[in-house]
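Here are the chains, one letter per residue:
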Amino acid sequence: MNNEPRGLTKLKQVLINDKHFNPERLNDVVSSDIFKLLQNYMEIDNSDMMSRIDLDEQGNYVLRCKVKCKRLKIMGLLS
Amino acid sequence: MARKIVLTSGKGGVGKTTCCALLGLGLARLGARVVMMDVDIGLNNLDVVAGLDTRVMYDIVDVAEGKCRIRQALVSHPQAPLLYIMPSSHSLNVGKVSVEDMRRITDELSRSFDYILIDCPAGIGKEFYRAIYMASEAILITTPNITAIRDANKVASLVIGCGISDISLIVNRVRTDMIAKRLMIKPQDIAASLDIKLLGVVPEADSIAAAACQTGSVLGAKDNVNLFLDIARSIHLGAAEQRIKRGFRNLKINKGGII
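Fair warning: this is a prediction, and the values are worked out from it, not measured in the lab.

Asks: I'd like to hear about the state of the cysteines, residue by residue, with values.
Replies: All names here are of chain A. Scanning all chains against the criterion turns up zero disulfides over all chains. We note that Cys65 lacks a disulfide partner, and the nearest cysteine sulfur, in Cys69, lies 12 Å from it. Overall, Cys65 belongs to the partly exposed group, its relative accessible area being 38%.

What follows is the structure, encoded as structure tokens:
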């Protein structure tokens, strides 16, 4: 049984709901930064990468990122 | 150089200006030189809350427009000689002072004061950003109401987005009797929900409410003055501790000891 005051339960619910509304383009900006970083280590195109920001049940943001890479850059030749 | 601390909330009516005035008084009583800046242009109230409205000759718009020097606009408190306010204008033309003007004024004030307390307007419009861009630290003020906490949470994200990472929280108008009956959220739970360190818990006080209704000035009220002295102490001594730690980090130690 939930022992916390009703107000606190409602507060958590409101704060988590608010987290669903990320600023527009935040995902694009994060995605673009990750893409630039990964380009240092692998040969990838924009179309090879998908990223999304979700919320878990505790209200934490979870960044899900899937990248298809054609070729890794060999460590000695990193640009 | 002064510490530039903005007091903000998002929601109006949670006690930003009252907290600003009482915190300013607390810091001044600890021996710090404090200037409180009212950047709520057009909806200025800090002068009344500090009990200094009858002493205002010039305001921040006059300074920005070059009609007077900064020193001429500053008003000192008769009972706390180290406490000053930079009054805001009662003119409704809010566009008169630019971000650059504000920065220039705060930079100049920074040379003469230990603390610049910036009383931020409610809302998240242009005026809000003008206040935030001047600061390097932020104190969020909220009441235990869900709506106020929600707005504080949004404002915290905006403040962090503006590059301020040093944020703390004051929960105002707390009633322990209601907390005991589980009718009010505990300040510790509010801080945990917002993930912001709790700087102070301010109980609801009849003398503050009465002062606000009768004279407008809260600095003469008997309640919460000592509490804000404690909050001021933790801000002031916290800075001193950091300075000592930095000092120790900078010390070089060789075989003969510290050099």
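Asks: Account for the packing of aromatic side chains, naming residues and giving values.
Replies: All names here are of chain B. All chains considered together, the criterion is met by three aromatic pairs over all chains. On the numbers, 5.4 Å between centres and 75° between planes, the contact of Tyr84 with Phe113 is edge-to-face. Of this pair, Tyr84 sits in strand β4 (residues 80-86) while Phe113 sits in the loop between α5 (99-110) and β5 (115-119), and the two are 29 residues apart along the sequence. With a relative accessible area of 26%, Tyr84 lands in the partly exposed category. Ring geometry for Phe128 and Tyr129: centres 5.1 Å apart, planes at 80°, overall edge-to-face. Accessibility expressed as a relative area gives 1% for Phe128, which makes it buried. Relative accessible area serves as the criterion here: at 26%, Tyr129 is assigned to the partly exposed category. Within the aromatic cluster, the residues linked to one another by ring pairs are Phe128, Tyr129 and Tyr133.

Asks: Report on the packing of α5 of chain B against helix α6 (residues 126-134) of chain B, specifying residues and quantitative values.
Replies: Residues and elements named next belong to chain B. At their nearest, the axes of α5 and α6 sit 10 Å apart, and the two run at 35° to each other. Considering the relative orientation of α5 and α6, their crossing is right-handed. Of the residues in α6, those in contact with Val99, Met102, Arg103 and Thr106 of α5 are Arg130, Tyr133 and Met134. Residue composition of the contact of α5 with α6, by class: four nonpolar, one polar and two charged.

Asks: Kindly report on the nonpolar core, identifying the contributing residues and their values.
Replies: Of all hydrophobic cores here, the largest spans 50 residues; its most connected members are Met37, Met86 and Leu109 of chain B. One finds Val75, Val202, Leu219 and Val225 of chain B within the second-largest nonpolar core, a separate group that totals 40 residues.

Asks: For the interface of chain B and chain A, give the residues involved together with the corresponding values.
Replies: Opposite the ten residues of chain B that make contact, chain A presents eleven residues. Counting each side, the surface lost to burial between chain B and chain A is near 970 Å², with a carbon and sulfur contribution of 68%. Of all residues in chain B, Ile146, Arg150 and Arg182 of chain B bury the most surface against chain A, accounting for 48% of the area lost on that side. There are one salt bridge connecting chain B and chain A. The salt bridge involving Asp18 of chain A is made with Arg150 of chain B; its shortest N-O contact spans 2.7 Å. Where chain B packs against chain A, one counts one residue pair in polar contact (both at pLDDT 80 or more). The set of elements that each furnish at least two residues to the side of chain B that touches chain A consists of α7 (146-161) and α9 (187-194) of chain B. Among the elements that take part in the side of chain B that touches chain A, α7 of chain B stands out by supplying five residues, more than any other. Partitioning the side of chain B that touches chain A into residue classes produces four nonpolar, two polar and four charged.

Asks: Summarise the side chain of Asp47 of chain B; cite the residues concerned and give the values.
Replies: Residues and elements named next belong to chain B. Within the element layout of this structure, Asp47 appears in helix α2 (residues 46-49). Buried Asp47, no salt bridge; nearest opposite-charge side chain is Arg55, N-O distance 11 Å. When sequence neighbours within four positions are dropped, the list of residues in contact with Asp47 reads Leu52, Asp53, Val56 and Ile85.

Asks: With reference to specific residues and values, describe helix α1 (residues 6-19) of chain A.
Replies: Over its 14 residues, α1 of chain A extends 20 Å from the first C-alpha to the last, a length consistent with the 20 Å expected when each residue adds 1.5 Å. Those residues of α1 of chain A not exposed but buried are Leu8, Leu11, Val14, Leu15 and Asp18 of chain A. Looking straight down α1 of chain A, one finds its buried side chains confined to an arc of 125°; they lie on one side. At its buried positions, α1 of chain A is contacted by α7 and α9 of chain B.

Asks: An account of unusual backbone geometry is needed here, citing residue identities and associated values.
Replies: Most of the time, phi is negative for any residue but glycine, and the peptide bond is trans. All names here are of chain B. Its identity as a non-glycine residue notwithstanding, Arg182 has a phi of 60°, on the positive side. Position of Arg182 among the secondary structure elements: in the loop between α8 (176-180) and α9. The phi dihedral of Asp195 is positive, around 60°, even though this residue is not glycine. As for its placement among the helices and strands, Asp195 is situated in the loop between α9 and β8 (197-203).

Asks: A description of the sheet that holds strand β7 (residues 167-174) of chain B should follow, citing residues and the corresponding values.
Replies: The pairing of strands in a sheet comes from backbone hydrogen bonds and takes either a parallel or an antiparallel form. Residue and element names in this part refer to chain B. Pairing within the open sheet is mixed, and its eight strands lie in the order β3-β4-β2-β5-β1-β6-β7-β8. Strands with a single pairing partner mark the edges of an open sheet, and in this sheet they are β3 (75-77) and β8. For this sheet the average axis-to-axis angle between neighbouring strands, irrespective of direction, equals 25°. Along the sheet, α6 makes contact with β1 (3-8), β2 (34-38) and β5, crossing β1 at roughly 150°.

Asks: Could you give me a rundown of the pattern of salt bridges, with the residues and numbers involved?
Replies: Residues and elements named next belong to chain B. Per the counting criterion, the structure on display carries 14 salt bridges over all chains. Taking the shortest distance from any N to any O, the salt bridge between Asp107 and Lys4 comes out at 3.5 Å. Here Asp107, found in helix α5, pairs with Lys4, found in strand β1; they are 103 residues apart in sequence, far enough to count as distant. With its nearest N and O atoms 3.1 Å apart, the salt bridge here joins Glu65 to Lys67. For Glu65, a relative accessible area of 37% translates into the label partly exposed.

Rules behind the numbers
Residues numbered from 1 in each chain as written. Chains lettered and ligands numbered in written order. Predicted model: local features only at pLDDT ≥ 70, side-chain atom pairs only at ≥ 80, totals over all residues. Heavy atoms only, no water. Disulfide = S-S within 2.5 Å. Buried < 20%, exposed > 50% of the residue type's maximum accessible area, 1.4 Å probe, protein only. Phe/Tyr/Trp six-rings, centres within 6.5 Å; stacked < 30°, edge-to-face > 60°. Helix = DSSP H or I, 4+ residues; strand = E, 2+ residues; numbered from the N terminus. Axes fitted to C-alpha atoms, helices over the stretch in contact; angles between N-to-C directions. Left-handed = near helix turned anticlockwise from the far one by under 90°. Contact = heavy atoms within 4.5 Å. Nonpolar A, V, L, I, M, F, W, Y, C, P; charged D, E, K, R; others polar. Core = buried A, V, L, I, M, F, W, Y, C linked by side-chain atoms within 4.5 Å. Buried area = accessible area lost by both parts, 1.4 Å probe. Salt bridge = Lys/Arg side-chain N within 4 Å of Asp/Glu carboxyl O. Polar contact = N/O pair within 3.5 Å; in protein donor to acceptor, adjacent residues only side chain to side chain. Lys, Arg positive; Asp, Glu negative; His and termini not counted. Expected span 1.5 Å × (residues − 1). Arc of directions from axis to C-beta. Pairing = 2+ DSSP bridges.

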